[in-house]
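Coordinates in review
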Amino acid sequence: MTELRGALIGCGFFAVNQMNAWGEIEGVRMVAICDRDEARLDAMGERFGIAARYRDAAEMLRAEAPDFVDIATTAPSHRALVELAASLSIPVICQKPFAPSMADARAMVSACERAGVPLMVHENFRWQSPILRVREALNAGTIGTPFFGRVSFRSAYDVYSGQPYLAEGERFIIEDLGIHALDIARFLFGDVSAITTRTKRVNPRIRGEDVATMLLDHESGMHSVVDCSYATKLEEERFPQTLVEIDGSEGSIRLDAGYRLTVTDAQGTRHEDVSPPLLTWAERPWHNIQESVLLIQKHWVESLRAGREPDTSGRDNLKTLALVEAAYQGAASRQTVDAASL
Ligand code: NAD
Ligand code: 89Y
């Protein structure tokens, strides 16, 4: 097996997880890192023993010619960096949110397609092992035909201290977190034809919305509710658990707090603890997300080696991003938005 040489752009808050996960994947070596901010660049370099450090992404990619590049910057920089990778024929992973607009996202997908360059969006929530177990239970078919779904994320965890930009943008929860929940809804229930959205800002110290409730019409005919909040103070903080409800003609599935999976069907009710493992480098409560980073990056390596399109390719992610745009449009107009209109 030939070794894959990777390079990272963006040495901020979340990239540490990506670097830790790369370190666990056999046949991959991260050879170079880049950040405009020298202090962050050096901190990451020291932590992971990487000497090849660059302030400029183009300079790094030209000098190192890596087998892939992992972009862990925030959305405004994504288009220029993905187009740069495509122009140099370097396979590319890009963090979510993929782009600040559909126009940018489409341009990035086209640039990579024209160049024949694989592109995956780091849309990792569908790779959380509890969510994978829900899909397995659903695919087993014992609950019959699903007619209702709910994907719910409600918390009051302080995400602003680690990611201060979340408090500053005009858009917040749908673009940052709801995007994952919408992707999970697509993953479990299929593509969406229309979306109806209501939003609110509860926390007066942030600029965007911190509560969103969305009703989805799926192409299959089923309906689901995707709800998210960073203003929900509960007896027990659940961050970053996504809860799921599915009702079918012959039974139901619940992923409840504490990673408790319950399946009810003609055989009766079964409970299962589907808690994610605590990886050596992970820490609670982030371990659920951290495990999904490892799983999505393994999927990238397998897809790249096999010449297969990754499940959360740029092309696939256009559909999730379109739901984000449609949700903001619908929240503003208070109208149901046809997903195809985007
Ligand atoms: P951050 O601001 O802490 O880090 C981003 C880094 O990128 C900064 O150090 C910045 O200097 C650098 N940077 C920006 N543009 C650059 C450029 N052109 N060249 C070189 N360096 C550049 O951000 P973060 O909190 O780590 O988030 C990064 C992305 O990860 C965001 O899009 C966020 O939504 C996403 N994220 C994803 C998950 C997940 O579970 N998938 C979780 C948290 C954050
Ligand atoms: O940025 C967000 C993400 O993708 O997962 C959780 C998060 O870090 C805060 O909402």
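Higher on the page you've got the structure.
Below is a short write-up of the structure. None of these values were measured; they are calculated from a predicted model. Note on numbering: residues in each chain are counted from 1, in written sequence order. Working convention: letters from A go to chains and numbers from 1 go to ligands, in the order in which they are written. In keeping with the model being predicted, local features are shown solely for residues with a pLDDT of at least 70 and side-chain atom pairs are shown and tallied solely at 80 or more, while totals for entire chains, interfaces and linings include all residues. Side-chain metrics rest on all non-hydrogen atoms present in the structure, leaving aside hydrogens and water.

1. Brief notes about the pattern of salt bridges
Just to be clear on terms, a salt bridge is a Lys or Arg side-chain nitrogen sitting within 4 Å of an Asp or Glu carboxyl oxygen. Evaluated as defined, the whole model comprises 25 salt bridges. For arginine 186, the salt bridge is made with aspartate 316, and the minimal N-O distance between the two is 2.9 Å. Of the two residues, arginine 186 sits in helix H7 (residues 173–189) while aspartate 316 sits in helix H9 (residues 314–333), which places them 130 residues apart along the sequence. One exposure class covers both arginine 186 and aspartate 316, and it is buried. Taking the shortest distance from any N to any O, the salt bridge between arginine 315 and glutamate 309 comes out at 2.8 Å. Comment: elements are numbered from the N terminus, with helices defined as DSSP H or I runs of at least four residues and strands as E runs of at least two. Any residue under 20% of the maximum accessible area for its type is buried, any over 50% is exposed, and the rest in between are partly exposed; the area is computed with a 1.4 Å probe on protein chains only.

2. Digging into the sheet that holds strand E3 (residues 53–54)
In this analysis, strands are considered paired if DSSP registers two or more bridges between them. On the basis of which strands lie adjacent, the open sheet formed by 6 strands has the order E3-E2-E1-E4-E5-E6 and parallel pairing. The open sheet has two edge strands with one neighbour each: E3 and strand E6 (119–122). Pairing of strand E1 (residues 4–9) with strand E4 (residues 68–71), which is carried by 4 bridges, proceeds in the parallel orientation. Its bridge partner being in E4, isoleucine 9 is matched across the sheet by isoleucine 71. Residue contacts follow a heavy-atom distance rule, with two residues in contact if any of their heavy atoms lie within 4.5 Å. Note on definitions: angles span 0 to 180 degrees between N-to-C directions of axes, and those axes are lines fitted to C-alpha atoms, for helices only across the stretch in contact. Its contacts with the sheet place helix H4 (residues 78–87) against E1, E4, strand E5 (92–95) and E6, and it is angled at close to 175° to E5.

3. Section: the site of ligand 1
Around ligand 1 there are 25 residues in total, and Phe14, Asp35, Lys96, Asn124 and Tyr165 lie nearest to it. Within 3.5 Å is the distance limit for a polar contact, defined as a pair of N or O atoms, with the added protein rule that one can donate a hydrogen and the other accept it, and that residues adjacent in sequence qualify only through two side-chain atoms. Separating an oxygen atom of ligand 1 from a backbone N or O atom of phenylalanine 13 is a distance of 2.9 Å. In the model, an oxygen atom of ligand 1 is placed 2.8 Å from a nitrogen or oxygen of the lysine 96 main chain. Using a 1.4 Å probe, accessible areas were evaluated by the Shrake-Rupley method; residue-level cover was limited to the displayed protein chains. Contact with the protein chains hides 90% of the accessible area of ligand 1, taken as 850 Å² for the molecule alone. Under the grouping applied here, Gly and all other residues not named as nonpolar or charged are polar, the nonpolar ones being Ala, Val, Leu, Ile, Met, Phe, Trp, Tyr, Cys and Pro and the charged ones Asp, Glu, Lys and Arg. Among the residues forming the shell around ligand 1, the class breakdown is 10 nonpolar, 10 polar and 5 charged. Proximity is defined per residue: if any heavy atom of the residue lies within 4 Å of a molecule or strand, that residue is considered near it.

4. Describing the layout of surface pockets
Cavities and pockets are found on a 1 Å grid laid over the protein atoms alone: a cavity is a set of points where a 1.4 Å probe fits but cannot escape, a pocket is an open set with protein on both sides within 12 Å along at least five of seven lines, and a lining residue has an atom within 4 Å of such a point. Grid points are joined across faces, edges and corners, and a volume is the space filled by probe spheres set on the points. In this model, the largest pocket occupies a volume close to 1100 Å³. Where the lining of the largest pocket is concerned, the elements lending two or more residues are H4 and H7. Broken down by element, the lining of the largest pocket gets its largest block of residues, 4 residues, from H7. Partitioning the lining of the largest pocket into residue classes produces 25 nonpolar, 13 polar and 10 charged.

5. Quick notes on unusual backbone geometry
Following lysine 96, the chain continues into proline 97 via a peptide bond in cis, with omega recorded as -20°. Relative to the assigned elements, proline 97 resides in the loop between E5 and helix H5 (102–115). Note that the residue after phenylalanine 239, namely proline 240, is joined by a cis bond; omega there is -5°. Inspection of the secondary structure assignment puts proline 240 in the loop between strand E10 (223–229) and strand E11 (243–248). With phi around 40°, alanine 65 is a residue other than glycine that occupies positive phi space. Inspection of the secondary structure assignment puts alanine 65 in the loop between helix H3 (57–64) and E4. Alanine 65 gets classed as partly exposed once you look at its relative accessible area, which sits at 49%.

6. Regarding the site of ligand 2
Neighbouring residues of ligand 2: Lys96, Phe125, Val159, Gln163, Asp176, His180, Tyr230 and Trp286. In the environment of ligand 2, an oxygen atom lies 2.6 Å from a nitrogen or oxygen atom belonging to the side chain of histidine 180. Between ligand 2 and tyrosine 230, the relevant distance is 2.7 Å, taken from an oxygen atom to a side-chain nitrogen or oxygen of the residue. Protein coverage of the free-state accessible area of ligand 2, which is 270 Å², stands at 93%. Those molecules having more than half of their atoms within 2 Å of a cavity or pocket grid point set are described as sitting in that cavity or pocket. The cavity that encloses ligand 2 is the largest pocket.

7. Quick look at the pairing of strand E14 (residues 268–273)
Note that strand E13 (residues 260–265) and E14 share 6 bridges and pair antiparallel. When the bridges of E14 are listed, valine 263 appears paired with arginine 270. Linking two consecutive strands that pair antiparallel, namely E13 and E14, is a turn of 2 residues.

8. What about the sheet that holds strand E9 (residues 211–218)?
One key point about sheets: their strands pair by backbone hydrogen bonds, in either a parallel or an antiparallel sense. Read across the sheet, 9 strands follow the order E14-E13-E12-E11-E7-E10-E9-E8-E15 without closing on themselves; strand pairing throughout is mixed. Each of the sheet's edge strands pairs with one partner strand only, and the pair in question is E14 and strand E15 (337–338). When E11 meets strand E12 (residues 251–256), the two strands line up antiparallel, connected through 5 bridges. By the bridge assignment for E12, glutamate 245 is matched with arginine 254. Contacting strand E8 (192–200), E9 and E15, H9 runs over the sheet at an angle of about 55° to E8.

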